[in-house]
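These are the residues of each chain, in order.
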Amino acid sequence: VQLQASGGGLVQAEDSQRLSCTASGHAFSAYAVAWFRQYPGKEREFLAAITLRGGSPYYSNSPSVKGRITISRDNTKNRVILEISRLRHEDTAVYYCAATRDGPATLSVNDYDYWGQGTQVTVSS
């Protein structure tokens with residue numbers, strides 16, 4: 001499967017942003033999909049994941065994002081959406097989606113086999 005992340009750009013603080021991860025290939029519903037973000041020089045940070053067939057989502061407990069992110073999927077469109085509300089300057093990062101086939105939704109970058117190219121979100125205050 002190939003993943004393409006989109007929806008990034010320059011946004012204002014306190015606005016919301018909707019990022020899309022679109023997959024090509026078949027059997028997208030067989031994949032667990034997650035979103036991560038990465039600051040320059042830092043490791044990728046887990047944000048949220050969603051299991052096969054849209055099961056219960058799994059969210060980061062980090063205070064930096066808790067309560068502000070929502071993940072959802074639409075298997076008919078081969079798409080997973082990450083919504084971030086009340087954007088802050090510290091949300092400025094490159095956002096990546098990742099997928100693993102038949103696996104559970106986890107928070108470890110090592111559990112994901114397929115990665116999108118990343119989409120930059122820049123929050124201006």
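The residue count restarts for each chain, going from 1 along the sequence in the order it is written. Local features are withheld for residues below a pLDDT of 70 in this predicted model, meaning they are given only at 70 or higher, and side-chain atom pairs are given and counted only at 80 or more; totals for whole chains, interfaces and linings count all residues. Excluded from the side-chain calculation are hydrogens and water; included are all heavy atoms of the structure.

> Got a sec to walk through the pairing of strand S8 (residues 79-84)? Specific residues and values, please.
Pairing between strands is defined by DSSP: at least two bridges between the two strands are required. Secondary structure elements follow DSSP: runs of H or I no shorter than four residues count as helices, runs of E no shorter than two count as strands, and numbering proceeds from the N terminus. Direction of pairing for strand S3 (residues 17-24) relative to S8: antiparallel, over a ladder of six bridges. Residue Arg18 lies in a different strand from S8, and its bridge partner there is Glu83. Two strands pair when backbone bridges link them, and strand S7 (residues 69-74) and S8 are joined in this way by six bridges, in the antiparallel orientation. Looking across to S8, one finds that Ile71 is bridged to Leu82. Hairpin connection between S7 and S8: a loop of four residues separates the two successive antiparallel strands, and Asn78 in this loop has a positive phi of roughly 50°.

> Hey, could you go over the state of the cysteines for me, with residue numbers and the actual values?
The rule for a disulfide is simple: a pair of cysteine sulfur atoms within 2.5 Å. As enumerated under the stated definition, the model contains one disulfide in all. One disulfide bridge connects Cys21 with Cys97, the sulfur atoms lying 2.2 Å from each other. The S-S bond linking Cys21 to Cys97 shows a torsion near 75°; that makes this disulfide right-handed. Of the two residues, Cys21 is situated in strand S3 and Cys97 in strand S9 (residues 93-101); the sequence distance between them amounts to 76 residues.

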